[in-house]
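Below are the chains, spelled out letter by letter.
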Amino acid sequence: MYTVCLVPGDGIGLEVIPAAKRVLEATGLGFKFQTANAGWHSFETYGTSVPEGTLELIKESDAALAGAFSSPSRKVEGYVSAIGTMRRKLGLFANLRPAKSRPVAGCQQGIDMLMVRENTEGLYAGQERRYGDVALAEAVITKAACTRIGQVALEHATKRRQKLAVVHKANILPLTTGLFLETVMALAERHPGVDAYDVIVDAAAMRLVRYPESFDVLVTTNLFGDILSDLMAGLVGGLGLAPSANLGAEHALFEPVHGSAPDIAGKGIANPTATVLSAAMMLEYLGETAAATRVETAVNTVLQASSLTPDLGGNASTETFTDALLKVLEG
């Protein structure tokens, strides 16, 4: 019996999390689900985007599955990003974002790559300040954080095709991303079986567009990883198909890469695929590899049958798409 904390969040998170829950139940594994609050609605209700009770429930669980979180595009006094808060307070330093070809229109074939993104530092460290018409942001890069994310990337590269692209901008930022590059490349020397090579971030963006099949595992800093992983998702069908994992030494939280999509929230047409694939990543993390494979295979089967939600050009609702997944899993 696995204890899973569900954190629906905001917007379509309230629709895709119940869909993923149904899929997890259909695997036949034993689950105890707990539901917790986080996000913009939580901030408006409780004065915090992540209540302490939510953190405690996640800590008590084997893993957490989140939906989507809204954030204001302006500074709101007292508000801190929900996902950023959970990453920091739960020590979720590694963000894994796979990009894999799916049987949908607009998806390039032959792609199977993994972005390993440092999750706690860089320009996302929150070190911003403003003096009138001048605004400053500090990027925080530490050797310790570079070391632990480098180790995660090398472990995954070893299990996959043994190729690791270390993405950086050390030619312009030699002290910050230079430290990242230097640290990861030094670690790579201890893994002679892995072909580790460095790529400047702008060149990486161009190569991802033109030759995405040439990449296996990529590792980079927080901001670069956030941007490039969305580009990667665009190559394989869009954010509606993009799952992710936030991993730490003790805890794990899985979530779709997409946002809360307030424009379609409540309409019942949200694509649950990214959340379902995030649930499959969670199953893999829990050691249930066979169940994870079954879920991913079911997703591909339903997508190939063109039972698609509107974002993919179809007219299936969240519920009918999930029903189709359950039919494959239970058939």
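Provided above is the structure to which this section pertains.
These figures come from a predicted structure and were not determined experimentally. The numbering scheme is per chain: residues are counted from 1 as the chain's sequence reads. Selection of residues for local features in this predicted model requires a pLDDT of at least 70, selection of side-chain atom pairs for listing and counting requires 80 or more, and totals for whole chains, interfaces and linings are taken over all residues. Side-chain numbers come from the whole structure's heavy atoms, not from hydrogens or water.

Student: How should the pairing of strand β8 (residues 163-168) be read in this particular structure?
Tutor: It is a general feature of regular strands that their side chains alternate between the two faces of the sheet. Judged by how many residues are buried, β8 sits mostly within the fold: five of six residues are covered. Strand pairing requires that DSSP identify at least two bridges connecting the strands. Secondary structure elements follow DSSP: runs of H or I of four or more residues count as helices, runs of E of two or more count as strands, with numbering from the N terminus. As paired elements, β8 and strand β9 (residues 195-200) share six bridges and run parallel to each other. If you follow A165 over to β9, its bridge partner there is Y197. Whether a crossover is right-handed comes down to one check: with the strands pointing away from the viewer, does the path from the first strand over the helix to the second run clockwise; if it does, it is right-handed. For the handedness criterion, the β-α-β arrangement of β8, helix α6 (residues 177-188) and β9 is classed as right-handed. As defined by bridge partners, β8 adjoins strand β10 (residues 217-220) across three bridges and the pair is classed as parallel. The residue bridging L164 from the neighbouring strand is V217, located in β10. Only protein chains enter the area calculation, which uses a 1.4 Å probe; residues under 20% of their type maximum are buried, those over 50% are exposed, and those in between are partly exposed.

Student: Before we go on, may I ask you to explain the sheet that holds β9 in this structure?
Tutor: Strand pairs in the sheet, formed through backbone hydrogen bonds, run parallel or antiparallel to each other. Spatially, ten strands are ordered β2-β1-β3-β12-β11-β4-β5-β10-β8-β9 in an open sheet, and the strand pairing comes out mixed. The open sheet has two edge strands, β2 (31-35) and β9, and neither has a second partner. With strand direction ignored, the average angle separating the axes of adjacent strands in the sheet is 25 degrees. Pairing of strand β4 (residues 94-100) with strand β11 (residues 243-247) involves three bridges; the strand directions are antiparallel. Bridge pairing in β11 places N95 opposite N246. Angular values range over 0 to 180 degrees, each being the angle between N-to-C directions of two axes fitted as lines to C-alpha atoms, with helices fitted over their stretch in contact.

Student: When you look at the packing of aromatic side chains in this model, what are you seeing that I'm missing?
Tutor: Aromatic ring pairs: the centre-centre distance and the angle between the two ring planes describe each pair. Centres within 6.5 Å make a pair out of two Phe, Tyr or Trp rings, where for Trp the six-membered ring is used; the pair is then stacked when the planes are under 30 degrees apart, edge-to-face when over 60, and tilted otherwise. Under the defined criterion, the tally for this structure stands at six aromatic pairs. Relative to F31, the ring of Y2 has its centre 6.1 Å away and its plane inclined at 40 degrees; by these criteria the two rings are tilted. Here F31 lies in strand β2 and Y2 lies in strand β1 (residues 2-9), a separation of 29 residues in the sequence. With respect to class, Y2 is no different from F31; both count as buried. Three or more aromatic residues joined by ring pairs make a cluster, and in this case those are Y2, F31 and F33.

Student: Could you clarify how one ought to interpret a nonpolar patch on the surface in this entry?
Tutor: Together, Y131, V134 and L136 give the surface a local cluster of nonpolar side chains, amounting to about 290 Å² of exposed area. Exposure remark for Y131: the relative accessible area of 51% places this residue in the exposed category. Here, patches come from residues exposed beyond 30% relative accessible area and free of salt bridges, joined within 9 Å for like charges and within 5 Å for nonpolar side chains (Val, Leu, Ile, Met, Phe, Trp, Tyr). Accessibility throughout is a Shrake-Rupley quantity obtained with a 1.4 Å probe, and a residue counts as covered only by protein chains that appear here. In the sections that follow, a salt bridge refers to a side-chain nitrogen of Lys or Arg positioned within 4 Å of a carboxyl oxygen of Asp or Glu.

Student: What should I look at first to understand helix α8 (residues 222-235) in this one?
Tutor: Because each turn of an α-helix spans 3.6 residues, side chains separated by three or four positions in sequence point in the same direction. Between its terminal C-alpha atoms α8 stretches 20 Å, which fits the 20 Å expected from 14 residues at 1.5 Å a residue. Every buried residue of α8 is listed here: N222, F224, G225, L228, S229, M232, A233 and L235. Seen from one end, α8 has its buried residues packed into an arc of 160 degrees, which puts them on one side. One or two positions beyond α8, positive phi appears at G237, with a value near 115 degrees. One less than the number of residues in a helix, times 1.5 Å, gives the span that helix is expected to have. It is the directions from the helix axis to the C-beta atoms that the arc portrays.

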